[in-house]
Amino acid sequence: MDFDDTPAEAAFREEVRVWLDSVTTRLGPDRARPTRRGGERLALAREYQRRRFERGFSGMTLPREVGGGGRQAIHQIIYQQEEAHYDNFEVPEIFGIGLAMCLPTILSHGDPAQQARFVRPGLRGDEIWCQLFSEPTGGSDAAAARTAAVRDGDQWVVNGQKTWTSGAHFADFGLMTTRTNPTAPKHAGMTVFILDMRAPGVETRPIHQMSGESDFNEVFLTDVRIPDAMRVGGVDDGWKVAIATLMHERAGIGGRARDLGWSGLLRMALQPDAHGRRPIADPRVGERIVDAWLVEFGAQLLGYRAMTALSRGEQPGPEQSVMKLVKAPQLQRNAYLAMEMADAFAALMPGTKAGVWREVEHAWTFGASIRIAGGSDEILRNIVAERVLGLPGDVRIDKTTPFNQTPV
């Protein structure tokens, strides 16, 4: 495991810092970001993404001939680490799915016409993408898609429902899994399409979250017609395409650290509460902050291990699954501690405090969803148990049973 940048990596890191200083604002100690919503947020994000593209920092690992940066995965990670210290108008949240997952999949599995049409506009920020995999009856099982696509000449007619689709309410296009052969086992009867999110029959309903945000959506598809030219990969060969999409997430390993962490908790613990007492005087508070530090440091070491593999041209191992498995619950525990330190005054804090309390509020209300998104805790434990520790897998008859005979 290598903790230090190589001379070339250090030079690139400095190049990124200089550029970020020229186009956006570095965050202060409390890491507070201005709250923006709706059209203003999108407009600022598009402008920032266009600048990234022009500087060669968009699609860092994609080929230069399609508009990418033509760099290695380690450069992408370095860029993400540095960008996390700046107010960048939520660009990763708006464009991240397209840049990290959808566009690389089109490059690896799409035809030349799809690559020419979609990759460069997506990298430039002209178009926003979402990923339509999850369904109400599927949970974390991406292969359990029941949205049906039936061929009608050179078109496909699609009916079904997707859910928890991040950014669908402002996305232009989406990468969607469908069921095209219900008589085959679930992994063998799927096909992936590019969906125009404004096509007739597509209805997007934002899901109101208790955090006050609406990042997730339900998407209803009623007799939506998709040209066969928008099919990605072969008919009934969509599982291969879907797996490629999920694997492209590896480029983000070790990248950002934006959530409420031990340093934010320590700053809160050192401040007098409403009664003039400092929470840090309670040894139990100190113990829990130390626990938070240990989790963060352990996850950081796993990130360094993955970065070392990438810098050597190797593929990282199970680090991402393990990091998410330990960090997502810790985010909730950190929020619990912050709320306890504020005591009864916690309910009043969002209107009177800025900075770190904004992170607390977000961690408290949004933390639970992080333990589901991208694979629930239970799914990740299965992955680690079976693929890392080599333990026997669960009995799963649905892998060989025709999909239309599988109980819902």
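> How would you explain the pattern of salt bridges if you had to name every residue and give the values?
Oppositely charged side chains are able to pair whenever their charged atoms sit close together. Counting across every chain of the model gives 26 salt bridges. Glu127 serves as the salt-bridge partner of Arg117, at 2.8 Å between the closest nitrogen and oxygen. Of this pair, Arg117 sits in helix α5 (residues 112-124) while Glu127 sits in the loop between α5 and β3 (129-132), placing them 10 residues apart in sequence. Classification of Glu127 as buried rests on a relative accessible area of 13%. Arg371 serves as the salt-bridge partner of Asp377, at 2.7 Å between the closest nitrogen and oxygen. With a relative accessible area of 28%, Arg371 lands in the partly exposed category. Among the charged side chains, a network of salt bridges with common partners joins Asp5, Arg13, Glu14, Arg17 and Glu82.

> I'd love a proper account of the packing of helix α4 (residues 91-109) against α5, names of residues and values included.
The description of two helices packed together rests on the angle between their axes and the distance between the axes. As a packed pair, α4 and α5 sit with axes 9 Å apart at the nearest point and diverge in direction by 155 degrees. Comparing the axis directions of α4 and α5 gives the class roughly antiparallel. Handedness of the α4/α5 crossing: left-handed. Of α5, the residues touching α4 (which contributes Leu99, Leu103, Ile106 and Leu107) are Gln114, Gln115, Phe118, Val119, Gly122 and Leu123. In the contact of α4 with α5, the residues fall into 7 nonpolar, 3 polar and no charged.

> Break down helix α7 (residues 262-270) for me, with residues and values.
By the burial criterion, the buried members of α7 are Gly264, Leu265, Met268 and Ala269. Buried residues in α7, looked at end-on, bunch into an arc of 135 degrees, giving them a common side.

> Go over the packing of aromatic side chains with me, naming the residues and quoting the values.
On inspection of all chains with the given rule, the structure shows 10 aromatic pairs. Plain terms: the ring middles of Trp19 and Phe57 are 5.3 Å apart, the flat faces sit at 80 degrees to each other, and that makes the pair edge-to-face. Taken together, the positions of Trp19 in helix α1 (residues 7-23) and Phe57 in the loop between α2 (38-55) and α3 (73-83) put the pair 38 residues apart, joining distant regions of the chain. Relative accessible area serves as the criterion here: at 10%, Trp19 is assigned to the buried category. Ring geometry for Trp293 versus Phe297: centroids 5.1 Å apart, planes at 5 degrees, classification stacked. On the criterion of helical spacing, the pair formed by Trp293 and Phe297 is a turn pair, its members being 4 residues apart in helix α8 (residues 283-311).

The rules we used
- Residues numbered from 1 in each chain as written.
- Predicted model: local features only at pLDDT ≥ 70, side-chain atom pairs only at ≥ 80, totals over all residues.
- Heavy atoms only, no water.
- Salt bridge = Lys/Arg side-chain N within 4 Å of Asp/Glu carboxyl O.
- Helix = DSSP H or I, 4+ residues; strand = E, 2+ residues; numbered from the N terminus.
- Buried < 20%, exposed > 50% of the residue type's maximum accessible area, 1.4 Å probe, protein only.
- Axes fitted to C-alpha atoms, helices over the stretch in contact; angles between N-to-C directions.
- Parallel < 35°, antiparallel > 145°, perpendicular 65-115°, else oblique.
- Left-handed = near helix turned anticlockwise from the far one by under 90°.
- Contact = heavy atoms within 4.5 Å.
- Nonpolar A, V, L, I, M, F, W, Y, C, P; charged D, E, K, R; others polar.
- Arc of directions from axis to C-beta.
- Phe/Tyr/Trp six-rings, centres within 6.5 Å; stacked < 30°, edge-to-face > 60°.

These figures capture arrangement, not role.
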